[in-house]
Every structure is written in structure tokens, then in C-alpha cells.
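# Examining the three-dimensional arrangement
So you can see what is in the structure, the chains are spelled out below.
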Amino acid sequence: MKELDKEITDKCLIITDISFIGEKPVFGDLLAMTGIEDSKFPMKNENFLKLADLGIEQSDDFFAVPNENYDFGDDIILWIIPLIKKTEVWHNPGPYDGLRFTYDILRNSRENVNIYMNCLEKFIGLFPANIYYRGKKQENIEKIKEDIENVVKELVKNGVEPGSDEALMMEY
């Protein structure tokens, strides 16, 4: 099995934080992203229902977009994790300061990049928020997209197809 330089694998995990400006969502809002409304967890912002077409599912207190292609790539395309004071939280009803979107380039097929980027674009289009990537505030998501494209090129140049069985077996 091939081994990749740590310099390459360190770039494979893409973490983007969306920090809400103004009204902060609660658990009921995040649940609405899945298309579910639950009276035990009322939502405050109906815009979260507009995200139901992204295929987001609840996974305990986190949310994820599962991989529908069971033959290629990991079982989860991206994770969406609630944040309070820039810290991931579990079993917390909110309100949340932001959400963390996590995507693993090595463990996903190239096509899944579009799902990650589409998800970010839709959130940013629906909610006033700041975008943080690699510790820096971003004006848009172009830097994220560019970095992902460059890492994919590096992986392929090193003989590793993102999302392949070989890529899934690699350790970080």
C-alpha cells in the first residue's frame, strides 16, 4: 500500500466553520435541515427547512450527508457539527454560535466535492454568517474549493484516487 507524506494527508481534512450573525439556531432548527419538525424541539427559523433537499440526516447530536454510493468512498460525505464558542457540542439544545462542516478529501470520491461545496453555498445563501477556513475569515468559499482541487491533484499525482479502497485503508 502506498504511503503519503504527512504534508499531503494534513491537507485532506477540510473544516469550514460558519459563524451565525444575529439569530442563533437551536436544535429544532438543525433537526429541520433533515425535513423533520418535532414539537419537542421547536424551530425558530423556517429557512432551515429549505435545506432538506441536501440529504442531511441526524446522527446522534450531529448531522451528516451519507454516501449513497456504497461501492466507493466512506459512508459519510460530510459532517455538520453544532458549535458554541467555536467548540463542538453534544447533547446541547442550543442556541448555537455556528456549525462546523467537515469533509475528508481522501475518503470521498471526487464527485462528492460538489456535495460539500453545494451544502456550504446553500447555508451561506440562507443565513447571515461569517465563514472561517484554516483559522482565517473568508469572504467566500473560493479558497476552499481551490484547496480541495489542489489536494485532489496531489493525491492523483501520488497514485491515490480519492475514495478508492486504497485511500480508505490509509492511516493519517
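Residues numbered from 1 in each chain as written. Predicted model: local features only at pLDDT ≥ 70, side-chain atom pairs only at ≥ 80, totals over all residues. Heavy atoms only, no water.

### Looking at the packing of aromatic side chains
Under the criterion given, the structure shown has nine aromatic pairs. Geometrically, the ring pair formed by Phe-101 and Phe-123 is edge-to-face, given 4.8 Å between the ring centres and 75° between the ring planes. With Phe-101 in strand 6 (residues 98-104) and Phe-123 in helix 3 (residues 112-126), this pair connects stretches of sequence that are 22 residues apart. What makes Phe-101 buried here is its relative accessible area of 0%. Exposure remark for Phe-123: the relative accessible area of 1% places this residue in the buried category. Relative to Phe-127, the ring of Phe-123 has its centre 6.0 Å away and its plane inclined at 40°; by these criteria the two rings are tilted. Exposure class is identical for Phe-123 and Phe-127. Each is buried. Here the aromatic residues Phe-20, Phe-48, Phe-101, Phe-123 and Phe-127 are joined through ring pairs into a cluster of three or more. For the cation-ring pair, Lys-86 lies above Tyr-132, with the distance from its terminal atom to the ring centre recorded as 5.8 Å. (Phe/Tyr/Trp six-rings, centres within 6.5 Å; stacked < 30°, edge-to-face > 60°. Helix = DSSP H or I, 4+ residues; strand = E, 2+ residues; numbered from the N terminus. Buried < 20%, exposed > 50% of the residue type's maximum accessible area, 1.4 Å probe, protein only. Lys NZ or Arg CZ within 6 Å of the ring centre and 35° of its normal.)

### Some words on the pattern of salt bridges
The tally for this structure, following the rule as stated, stands at nine salt bridges. A salt bridge links Lys-6 to Asp-10; its shortest N-O distance comes to 2.9 Å. Note that Glu-161 and Arg-110 form a salt bridge whose closest N and O atoms lie 2.7 Å from each other. With Glu-161 in the loop between helix 4 (142-157) and helix 5 (165-169) and Arg-110 in the loop between strand 6 and helix 3, this pair connects stretches of sequence that are 51 residues apart. What makes Arg-110 partly exposed here is its relative accessible area of 38%. Each of Asp-17, Glu-88 and Arg-100 takes part in one network of salt bridges that share partners. (Salt bridge = Lys/Arg side-chain N within 4 Å of Asp/Glu carboxyl O.)

### Brief notes about the nonpolar core
Judged by nonpolar contacts, the single largest core of 45 residues is most densely connected at Ile-80, Phe-101, Tyr-116, Phe-123, Ile-144 and Ile-148. For this core, the secondary-structure elements that each account for two or more residues are strand 1 (13-20), helix 2 (27-32), strand 3 (62-66), strand 4 (76-84), strand 6, helix 3, strand 7 (129-133) and helix 4. Counting residues per element, this core draws most heavily on helix 3, at six residues. (Core = buried A, V, L, I, M, F, W, Y, C linked by side-chain atoms within 4.5 Å.)

Interpretation in functional terms is not warranted from these geometric data alone.
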